[in-house]
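If you want the building blocks of each chain, they are given just below.
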Amino acid sequence: MIGLISATAAGAAARDRLAAAWPGRAVVYEGPVREAVHRAFAECEQLVCFLATGAVVRLLAPLLSDKSTDSGVVCVDEAGRHAVALLGGHAGGANALAEAVGEVLGAAPVVTTATDAAGLLGLDMLGLPVEGDVAGVSRAMLDGAPVELRADAVWPLPALPPNVAPGSVPADPADAAVLHVTDRVVESGARRAVVRPASLAVGVGASRGAPVDEVVGLVHDALREAGLSPLSIAELVTVDAKAGEPGIVAAAARLGVPLRTYAAEALAGVEVPNPSGAPLAAVGTPSVAEAAALAEGGELLVPKRKSTPPPGSEGRAAMATCAVVRRAPRGRLAVVGLGPGARDLLTPRAREELRRASVLVGLDQYVDQIRDLLRPGTTVLESGLGAEEERARTAVAEAREGRAVALIGSGDAGVYAMASPALAEAGADIDVVGVPGVTAALAAAAVLGAPLGHDHVSISLSDLHTPWEVIERRVRAAAEADIVVTFYNPRSRGRAWQLPEALSILAEHRDPATPVGVVRNASRPDESVRVTSLAALDPATVDMMTVVTVGNTATRQIAGRMVTPRGYRWQSAAGTGEGGR
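Overview of the structure. (Residues numbered from 1 in each chain as written. Predicted model: local features only at pLDDT ≥ 70, side-chain atom pairs only at ≥ 80, totals over all residues. Heavy atoms only, no water.)

Focus: the overall build of the protein
In terms of helices and strands, the protein carries 19 helices and 29 strands. Projecting the C-alpha coordinates of the protein onto the three principal axes gives extents of approximately 95 × 65 × 60 Å. Out of the 581 residues belonging to the protein, those deemed buried represent 46%. Contacts spanning at least 24 positions in sequence make up 66% of the contacts within the protein whose residues lie at least 6 apart. Roughly 26800 Å² of accessible area belongs to the protein as shown, and the carbon and sulfur atoms make up 53% of that amount. With 53 positive and 65 negative side-chain charges, the protein shows a spacing of 2 Å between the two charge centroids. (Helix = DSSP H or I, 4+ residues; strand = E, 2+ residues; numbered from the N terminus. Buried < 20%, exposed > 50% of the residue type's maximum accessible area, 1.4 Å probe, protein only. Contact = heavy atoms within 4.5 Å. Areas by Shrake-Rupley, 256 points an atom, 1.4 Å probe, with all protein chains shown as cover. Lys, Arg positive; Asp, Glu negative; His and termini not counted. Charge placed at Lys NZ, Arg CZ, Asp CG, Glu CD.)

What follows is the structure in structure tokens.
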């Protein structure tokens, strides 16, 4: 919950705007400011104070305990010009909160956390547990000092700065900073930090009524003896029949990991080194712990072992079993639509994915559009026009190596762009995320008026990958169905005849006066827009940077704009004052 506190009328007005924008997330604290701040700090994960930073510092100073548990606090000035992340920038989420406040109020977020200011991602913001001298290693990263990266495998982490690399050792080894990415227990010390990937699947089996302490104790003992960190447990896994077993359910909660279950039939098909007749008789599979841990593949690090009954229970049989498997990293491929070109039409989600990637793959001219948004250390793999399939293969190959990859395309990456060839290459061995973008058709329609108010279709006139016979059949179907048509790739130097041919097909079914919108470089500084007619359009004025939208028989020009009514009945009713939804 986010607590909102103000002391003046202006602050209250801005406070109420936030409360309205965040229903269910924010609560307004009324009354004397000191009491309001103290109550909110005790009750909320985050605070937004419409107060001077000095006043908030004095009010909060006696309440502070630890940076990992203190609430994140943002201060907004009286004029609403700045949202200052005052406390808990990372752990408390104040940096992100300042950005969110700025989006609602139009205030400039002020973030002074060193890594954020330098464009780096803090180690505590990787979304994974981190241990050791985080501050010392982060300082070395910021200073550009060598930081030796010791990783057991390639993980889909965001880009690390260039000074963080394998074998990156300073002249004086005593000054060495080391960043481990491992599930193993490693030596700690000054300027040593460890990032814990979620690599371990712990299979558990238990008799009915097995105590949670016995289950958790078994897991901790198994990991400790194998030299593994419990912070790298990805999940506890077991058979469906044990999904509600209290000791297992409570163990997952105590370890802070999800519990996943598998059908006995599925586990019975998993080859294991230590099958047994007891679980086969009890739940229908010869193995629970090992089979569940190995169900998604991986390396068996700890074969099945049994628990030790607690003191005072000598002579009682063990009530729990466990096995530990290390799973291979899964790479991540984000297919990102950049929109039509204008920076303010790049979605927040797309920005986030660009910052999350360690590898960016894209057309060179698209890379240039967003190069400034990439984190230092991002590997950029760019190529020219005509290399779409090569880029798709490259992006998938990089993801299969375990990396976090962003494959970019203009508009929406799934519309005449990179998603199709990439997903045709990608298998189930990588994670794929689609990030929608504003398409060229939508960007053009927005400046033309409302040409897509009824059924519409987009057709590419490029016959480089699609035979013209297929394109012609689609154009003719759209013409006969009276559907608004947006033409992508309408004309180039080597393809000058396709657009006139397509227009002639439409002209067989539509009036010569049918409105046609022609938008070049939609949303970009050199954008040009004109509305003409099917008879008057000169194809020679169109190129590959142009989108051509041809209306249907209901489309009209109104005040210089293209408007297609939402429906024929609605169009008829408009004159009678009906249907104004």
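Some remarks on the packing of helix α1 (residues 9-21) against helix α4 (residues 94-105)
The geometry of α1 relative to α4 is characterised by a closest axis approach of 10 Å and an angle of 100 degrees between their N-to-C directions. By the angle between their axes, α1 is roughly perpendicular relative to α4. Of α4, the residues touching α1 (which contributes Ala-14, Arg-17, Leu-18 and Ala-21) are Val-101, Val-104 and Leu-105. Taken together, the residues that form the contact of α1 with α4 break down as six nonpolar, no polar and one charged. (Axes fitted to C-alpha atoms, helices over the stretch in contact; angles between N-to-C directions. Parallel < 35°, antiparallel > 145°, perpendicular 65-115°, else oblique. Nonpolar A, V, L, I, M, F, W, Y, C, P; charged D, E, K, R; others polar.)

With respect to helix α17 (residues 468-480)
Here α17 is 13 residues long and its end C-alpha atoms lie 18 Å apart, about the 18 Å a rise of 1.5 Å per residue gives. Positive phi appears at Asp-482, one or two residues downstream of α17, with a value of about 60 degrees. (Expected span 1.5 Å × (residues − 1).)

Description of the packing of aromatic side chains
Overall, the coordinates contain two aromatic pairs when judged by the stated rule. For the ring pair Tyr-416 and Tyr-488, a centre distance of 4.7 Å and an interplane angle of 50 degrees mean the geometry is tilted. Of this pair, Tyr-416 sits in the loop between β20 (404-409) and α15 (419-425) while Tyr-488 is found in strand β24 (residues 484-488), placing the two residues 72 residues apart along the sequence. Summarising the aromatic geometry, the rings of Trp-468 and Trp-497 are spaced 5.0 Å apart at their centres and angled 70 degrees between planes, so their arrangement reads as edge-to-face. (Phe/Tyr/Trp six-rings, centres within 6.5 Å; stacked < 30°, edge-to-face > 60°.)

What about the pattern of salt bridges?
All told, the structure shown has 28 salt bridges when counted by the stated rule. One salt bridge in this structure joins Asp-368 and Arg-371, with 2.7 Å as the shortest N-O distance. Asp-482 is the salt-bridge partner of Arg-510, the closest N and O atoms lying 4.0 Å from each other. Of this pair, Arg-510 sits in the loop between α18 (498-507) and β25 (515-520) while Asp-482 sits in the loop between α17 and β24, and the two are 28 residues apart along the sequence. Like Asp-482, Arg-510 is buried. (Salt bridge = Lys/Arg side-chain N within 4 Å of Asp/Glu carboxyl O.)

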